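Next come the chains, spelled out residue by residue.
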Amino acid sequence: MSVASSEDLVPPLEAGTALYREEEKTVKKKKEKKKKSKGLANVFCVFTKGKKKKGQLSSAEPEGTARSRQGLDGPPPTGALGPWARASLGPGRGWRSSAGPANGVGRRICFSAFTCAPICGAGRGETRLSAQSGTPTSPFRVGQRPNAGPEVPENVFLHLGRTMKEDLEAVVERLKPLFPAEFGVVAAYAESYHQHFAAHLAAVAQFELCERDTYMLLVWVQNLYPNDIINSPKLAGELQGVGLGSLLPPRQIRLLEATFLSNEAANVRELMDRALDLEAQHWAEDVPPQRLDGHCHSELAIDIIQIISQAQAKAESITLDLGSQIKQVLLVELPAFLRSYQRAFSEFLERGKQLRNYRANVIANINNCLSFRMSMEQKWQVPQDTLSLLLGPLGELKSHGFDTLLQNLREDLKPLFKRFTHTRWAAPMETLEKIITTVDVRLPEFSELQDCFREELMEAVHLHLVKEYIIQLSKRRLVLKTAEQQQQLAGHILANADTIQHFCTQHGSPATWLQPALPTLAEIIRLQDPSAIKIEVATYATCYPDFSKGHLSAILAIKGNLSNSEAKSIRSILDVSTGAQEPSRSLFSLIKVG
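Now for a description of the structure that goes with this document. (Residues numbered from 1 in each chain as written. Predicted model: local features only at pLDDT ≥ 70, side-chain atom pairs only at ≥ 80, totals over all residues. Heavy atoms only, no water.)

### Things to note about the overall build of the protein chain
Along its length, the protein chain carries 20 helices and four strands. Per-residue burial for the protein chain yields a buried fraction of 49% across its 594 residues. Long-range contacts, defined as pairs at least 24 residues apart, comprise 79% of the intrachain contacts of the protein chain with a sequence gap of at least 6. Roughly 28,400 Å² of accessible area belongs to the protein chain as shown, and the carbon and sulfur atoms make up 52% of that amount. (Helix = DSSP H or I, 4+ residues; strand = E, 2+ residues; numbered from the N terminus. Buried < 20%, exposed > 50% of the residue type's maximum accessible area, 1.4 Å probe, protein only. Contact = heavy atoms within 4.5 Å. Areas by Shrake-Rupley, 256 points an atom, 1.4 Å probe, with all protein chains shown as cover.)

Structural data, given as structure tokens:
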């Protein structure tokens, strides 16, 4: 992770605190029966040694009192790195000291060439270097309580980290030139500060920490301390060979990380559930969806993607490895949410039919699928099988939504298709023209779908027209005994097929796979040579693997001059395996034949 210079550090504690407060509003407090975390607020005596400045909270004050004033129950910030911490580790513009001077002299450190002792601006105690051991002999400034700000975890850790960084930089700039290299002045100070810091953090880590404190502890140990202090521009070269190591042992870090991941999974789950509940409430209350660029729009997908992205960024603000770990957690939580979303939407489809904004909200939720799909494909870069699992509930949601939107159109078309058989195909072109006109009148109802979904819905219309046409051909009510009659019917079918294909393609249907469905059936009806018919049937079965003997028998029944033995021989061609796989698209499996 890159190390920011002091000039790059963004301003102070208030920026990060605002993030805390904002996220606090979106997360419920934990159930009452869960044991309350003592948090860091009750263990500050470890750092401050019981000293209490007048007007500040005592560590002995009730936990609820301290937290109610500081809002410690809220979750940690979700940004890439807690700005309250990073902003305070450098002396750039807007930097503030939480251990400010008591006498107004400022934060300058003065040195005596004779005593080689840094004197803090606050006037408290000198830190001297023992000539024999080369180690600091008096109490560290990190042991002093912050003079500015309340004793919340942010302030205490800021004081510890900032003081260590300032003092070590002062050692490098002022003390190091005054001692021989073999004294190892910088290493001595760094090791002592490190041991002091590590001892206090180890003590803190033994407590049952709240979510916010767990996150903050990990950020300091895994990110801010190694990157913004040890590897800061002024200290990196000096401390490169010191080998300070981590502030906490690996096992303790792994336990904290496991707790963090568990906490984040629960928070993400809760936030997503609340977002869905709010969306479902809008459906039930008949709230119209927003319109965006001429399309019905819902904020649900944006909210969910933001929740997921913030959890990812929060983990990555600790370490990139933890970011990879939480991705696997989120890949479990997101599909579970999408299944809940699909179920809630299905319930709305059943219960909300009488609502005024019913169709508009159906369209808005279908449009949601695009945002989810784009986010998963572009940002998550998951394997195809995982992507299919993720998108499964969205596919069902979209399919149910299409069925709902097309229900009225299908009801309108049903009596029109029946005219084909009722008139014994006497005027097929006139019947088809009425069908096409009926569809054309309904198409504006789908204009507020996203373009890609409008095309998919038009493909569903295209499929419905072809399927219903084949159903009427398969009714076994039409028997033509002469070749001339069969050729005349084949001509009508070809003309109808061309009309359907042209109309649907013109209105955006991408279903080129449907193009040979009707023309090949017309050719089977037209041909008189059984061998030629077999070739057409074999070819047809490769295009539509769900074309069965039952479907073939229904079409051959139209050919009244075909003997039983010839029909049986033609059907037998379907006994030969064509090597075709299971159909990726269904046509004949949607058609029942007697």
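### Some words on the side chain of Glu257
Examined against the element boundaries, Glu257 turns out to sit in helix H9 (residues 250–284). Arg254 provides the closest opposite charge to the buried, salt-bridge-free Glu257, at an N-O distance of 7.2 Å. At 3.2 Å, the side chain of Glu257 and the side chain of Gln222 are in polar contact. Those residues in contact with Glu257 that sit more than four places away from it in its chain are Leu218, Gln222, Thr319, Leu322 and Gln325. (Lys, Arg positive; Asp, Glu negative; His and termini not counted. Salt bridge = Lys/Arg side-chain N within 4 Å of Asp/Glu carboxyl O. Polar contact = N/O pair within 3.5 Å; in protein donor to acceptor, adjacent residues only side chain to side chain.)

### Examining the pattern of salt bridges
Taken as a whole, this structure holds 15 salt bridges when the rule is applied. For the salt bridge of Glu238 with Lys176, the shortest nitrogen-to-oxygen distance reads 2.7 Å. Separated by 62 residues along the polypeptide, Glu238 in helix H8 (residues 236–239) and Lys176 in the loop between helix H5 (153–175) and helix H6 (185–205) bring together distant segments of the chain. On the basis of relative accessibility, which here comes to 28%, the residue Glu238 falls in the partly exposed class. We note a salt bridge from Lys398 to Glu456, for which the minimum N-O separation is 2.6 Å. Separated by 58 residues along the polypeptide, Lys398 in helix H13 (residues 384–422) and Glu456 in helix H15 (residues 451–473) bring together distant segments of the chain. The buried category is assigned to Lys398, whose relative accessible area is 18%. Residue Glu456 is classed as partly exposed on the basis of its relative accessible area, which comes to 24%.

### Considerations on the environment of Arg359
In this fold, Arg359 is placed in helix H12 (residues 358–380). Distance in space between the C-alpha atoms of Arg359 and Glu445 is 9.0 Å, their sequence separation being 86 residues. Leave out the neighbours within four places in its chain, and Arg359 touches Thr404, Leu405, Asn408, Glu445 and Phe446. A polar contact of 3.1 Å, which involves the side chain of Arg359, links it to the side chain of Glu445.

### Things to note about the nonpolar core
Counting residues in each nonpolar core, the largest one holds 147 residues, and the members touching the most others are Ile304, Phe337, Leu465 and Leu587. Looking at which element gives the most residues to this core, the answer is H13, with 13 residues. Dropping the residues within four chain positions of it, Leu465 is found in contact with Leu413, Phe417, Ile435, Ile436, Val439, Ile500 and Cys504. (Core = buried A, V, L, I, M, F, W, Y, C linked by side-chain atoms within 4.5 Å.)

### Some remarks on the state of the cysteines
Counted under the stated rule, the structure contains zero disulfides. Here Cys452 is not cross-linked by a disulfide; its sulfur's nearest cysteine counterpart is in Cys369, at 9.4 Å. (Disulfide = S-S within 2.5 Å.)

### Topic: H12
The end-to-end C-alpha distance of H12 is 33 Å, a good match for the 33 Å that 23 residues give at a rise of 1.5 Å each. One or two steps after H12, the chain reaches Gln381, where phi turns positive at roughly 50°. (Expected span 1.5 Å × (residues − 1).)

### Some details on the packing of aromatic side chains
For the coordinates displayed, the defined rule picks out 19 aromatic pairs. Centre to centre, the rings of Tyr540 and Phe547 are 4.9 Å apart; their planes meet at 85°, and the pair counts as edge-to-face. For Tyr540, a relative accessible area of 1% puts it in the buried group. On the basis of relative accessibility, which here comes to 5%, the residue Phe547 falls in the buried class. Where Tyr540 meets Phe588, the ring centres are 5.7 Å apart and the plane angle is 80°; that geometry is what we call edge-to-face. With Tyr540 in helix H18 (residues 530–543) and Phe588 in the segment after helix H20 (564–571), the pair connects residues that are 48 residues apart, well separated along the chain. Across the pair, exposure class does not vary: Tyr540 and Phe588 are buried alike. Clustering of aromatic rings is evident, with ring pairs tying together Trp283, Phe345, Phe348 and Tyr358. If you follow Lys314 out to its NZ or CZ, it ends over the ring of Tyr215, 5.3 Å from the centre. (Phe/Tyr/Trp six-rings, centres within 6.5 Å; stacked < 30°, edge-to-face > 60°. Lys NZ or Arg CZ within 6 Å of the ring centre and 35° of its normal.)

### Quick word on unusual backbone geometry
The residue Asp286 is not glycine, and still its phi comes out positive at about 60°. Residue position: Asp286 is located in the loop between H9 and strand S3 (290–292).

### Section: the packing of H12 against H13
In contact at an axis separation of 10 Å, H12 and H13 are set at 155° when each is read in the N-to-C sense. Relative to H13, the element H12 lies roughly antiparallel. As H12 packs across H13, the resulting crossing turns out to be left-handed. Across the interface between the two elements, Tyr358, Arg359, Val362, Ile363, Asn365, Ile366, Cys369, Phe372, Arg373, Met376 and Glu377 from H12 touch Leu387, Leu390, Leu391, Leu394, Leu397, Lys398, Gly401, Phe402, Thr404, Leu405 and Asn408 from H13. (Axes fitted to C-alpha atoms, helices over the stretch in contact; angles between N-to-C directions. Parallel < 35°, antiparallel > 145°, perpendicular 65-115°, else oblique. Left-handed = near helix turned anticlockwise from the far one by under 90°.)

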